[in-house]
Amino acid sequence: QVDVAESGGGLVQPGGSLRLSCAASGTIFELSAMGWYRQAPGKQREMVAIINDDRKREFLDSVKGRFTISGDYTKNTVYLQMNSLKPEDTAVYYCYARVRPDWRSSLTEYWGQGTQVTVSS
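Residues numbered from 1 in each chain as written. Predicted model: local features only at pLDDT ≥ 70, side-chain atom pairs only at ≥ 80, totals over all residues. Heavy atoms only, no water.

Enquirer: Describe in detail the pattern of salt bridges, supporting the description with residues and values.
Expert: Side-chain pairs of opposite charge can arise where the charged atoms are in close proximity. Scanning the entire structure with this criterion turns up six salt bridges. A salt bridge links Arg100 to Glu30; the shortest N-O distance between them is 2.7 Å. With Arg100 in strand S9 (residues 91-100) and Glu30 in strand S4 (residues 30-39), the pair connects residues that are 70 residues apart, well separated along the chain. For Arg100, a relative accessible area of 21% gives the class partly exposed. Relative accessible area serves as the criterion here: at 29%, Glu30 is assigned to the partly exposed category. As a salt-bridge pair, Asp89 and Arg38 come within 3.0 Å of each other at their nearest N and O atoms. In this pair, Asp89 is assigned in the loop between strand S8 (77-82) and S9 and Arg38 in strand S4, connecting sequence segments 51 residues apart. Residue classification places Asp89 among the buried positions, given a relative accessible area of 1%. Each of Arg38, Glu46, Arg66 and Asp89 takes part in a single network of salt bridges with overlapping partners. (Salt bridge = Lys/Arg side-chain N within 4 Å of Asp/Glu carboxyl O. Helix = DSSP H or I, 4+ residues; strand = E, 2+ residues; numbered from the N terminus. Buried < 20%, exposed > 50% of the residue type's maximum accessible area, 1.4 Å probe, protein only.)

Enquirer: Tell me about the sheet that holds strand S7 (residues 67-72), and please be specific about residues and values.
Expert: In sheet architecture, strand pairing relies on hydrogen bonds along the backbone and comes in two forms, parallel and antiparallel. As summarised here, the arrangement of the four strands in space is S1-S3-S8-S7, forming an open sheet in which the pairing is antiparallel. Each edge of the sheet is formed by a strand with only one pairing partner; in this case those strands are strand S1 (2-7) and S7. Neighbouring strand axes in the sheet, compared pairwise and without regard to direction, differ in orientation by 15 degrees on average. Judged from the six bridges that link them, strand S3 (residues 18-26) and S8 form a sheet pairing that is antiparallel. Within S8, the residue paired with Leu18 across the bridge is Met82. (Pairing = 2+ DSSP bridges. Axes fitted to C-alpha atoms, helices over the stretch in contact; angles between N-to-C directions.)

Printed below as a string of structure tokens:
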């Protein structure tokens, strides 16, 4: 069993910053990728930032230059630093982890429950 838990959401004014944290815990043989998705009301879930198994980072175009993602794979933890936030960044942010629980298992996707980020004056 693998659990993924986020923290750090909240209300912030436009131009402000927030830092989200996420930790994966449980039986983890291999952590292939870890990152963040978001879903705004009435919209599909979209990838915001992710660190893939080659440690390459990918970002949603609209957050490039404003958001950074970092990880501590020894702690199965990933962080999303969000600067210069805009109202259109308002969404529920979900942590994502792609994990091989044991050496016989295939890679499996796990999701956190989500944390609300609201950017408003």
